[in-house]
Amino acid sequence: MAHVTIYHNPRCGTSRNTLALIRNSGIEPEVIEYLKTPPDRATLTALIAATGQPVRDAVRAKEAVFDDLQLGAPGVTDAQLIDAMLAHPILINRPIVVTPLGTRLCRPSELVLDILPAPQRGPLSKGCPP
């Protein structure tokens, strides 16, 4: 079976829905609760690069610490954003899913379907428990 990893926050509805979609395809992923076990700089940088999205997209701007640190100010560099995510893992946008078919920030949760190596086994609606 293909190895799938999800960087997960169990308090996040989108993250829970994404995990449910992965499991609905018959895959039991490696679940990394990144608030308990944050990635190191090399891992975080590699994950962001693998998504193909800008670093800014990987930052959760809705968190109060984002404003406290003035991360939305002009001139904030990618390195500063990564430093902030490492110091405050709550700033890491989630969930990030890694499969043999790619790495994706799954917002909305249905984006995971494009990188799952197995189809859904049945209907699943948002809000279902994982």
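Before any of the text, the structure's been laid out above.
Residues numbered from 1 in each chain as written. Predicted model: local features only at pLDDT ≥ 70, side-chain atom pairs only at ≥ 80, totals over all residues. Heavy atoms only, no water.

(A) Molecular detail of the overall build of the protein chain. Across its full length, the protein chain carries four helices and four strands. Walking the protein chain from its N terminus toward its C terminus, one meets helices and strands in the order β-α-β-α-α-α-β-β. Taking the principal axes of its C-alpha atoms as reference, the protein chain extends roughly 45 × 25 × 25 Å. A sequence separation of at least 24 residues applies to 65% of the contacts in the protein chain between residues at least 6 apart. (Helix = DSSP H or I, 4+ residues; strand = E, 2+ residues; numbered from the N terminus. Contact = heavy atoms within 4.5 Å.)

(B) Spatial organisation of the nonpolar core. Counting 21 residues, the largest nonpolar core has I48, L71, M85 and L91 as the members making the most contacts within it. Elements that contribute at least two residues to this core include exactly α2 (41–51), α3 (64–68) and α4 (78–87). Counting residues per element, this core draws most heavily on α4, at four residues. For L71, the contacting residues outside a window of four places in its chain are R56, F66, V76, L81, A84 and L91. One finds V4, L21, C106 and V112 within the second-largest nonpolar core, a separate group that totals 11 residues. (Core = buried A, V, L, I, M, F, W, Y, C linked by side-chain atoms within 4.5 Å. Buried < 20%, exposed > 50% of the residue type's maximum accessible area, 1.4 Å probe, protein only.)

(C) Representation of the pairing of strand β3 (residues 96–99). The sheet contact formed by strand β1 (residues 5–8) and β3 spans three bridges and is antiparallel. Opposite T5, over in β3, you have V98 as the bridge partner. In the sheet, β3 pairs with strand β4 (residues 102–105) via four bridges, with the strands oriented antiparallel. Looking at the pairing, V97 lines up with R104 of β4. (Pairing = 2+ DSSP bridges.)

(D) Region of interest: the pattern of salt bridges. The tally for this structure, following the rule as stated, stands at five salt bridges. Here R23 and E28 are joined by a salt bridge, their closest N and O atoms 2.9 Å apart. The class of E28 is exposed, set by a relative accessible area of 53%. Between D83 and R41 there is a salt bridge, and its shortest N-O distance comes to 2.4 Å. With D83 in helix α4 and R41 in helix α2, the pair connects residues that are 42 residues apart, well separated along the chain. (Salt bridge = Lys/Arg side-chain N within 4 Å of Asp/Glu carboxyl O.)

(E) Fine view of the side chain of H8. Here H8 is to be found in strand β1. For H8, the side chain forms a polar contact with the side chain of S15, separated by 2.6 Å. For H8, the residues in contact, after removing those within four places along its chain, are S15, R16, L19, V31, I32, E33 and Y34. (Polar contact = N/O pair within 3.5 Å; in protein donor to acceptor, adjacent residues only side chain to side chain.)

(F) Geometry of α4. All of the buried residues in α4 are L81, I82, A84 and M85. Angular distribution of buried residues about the axis of α4 spans 160 degrees; they occupy a single face of the element. Tucked inside the fold, the buried residues of α4 contact α2. (Arc of directions from axis to C-beta.)

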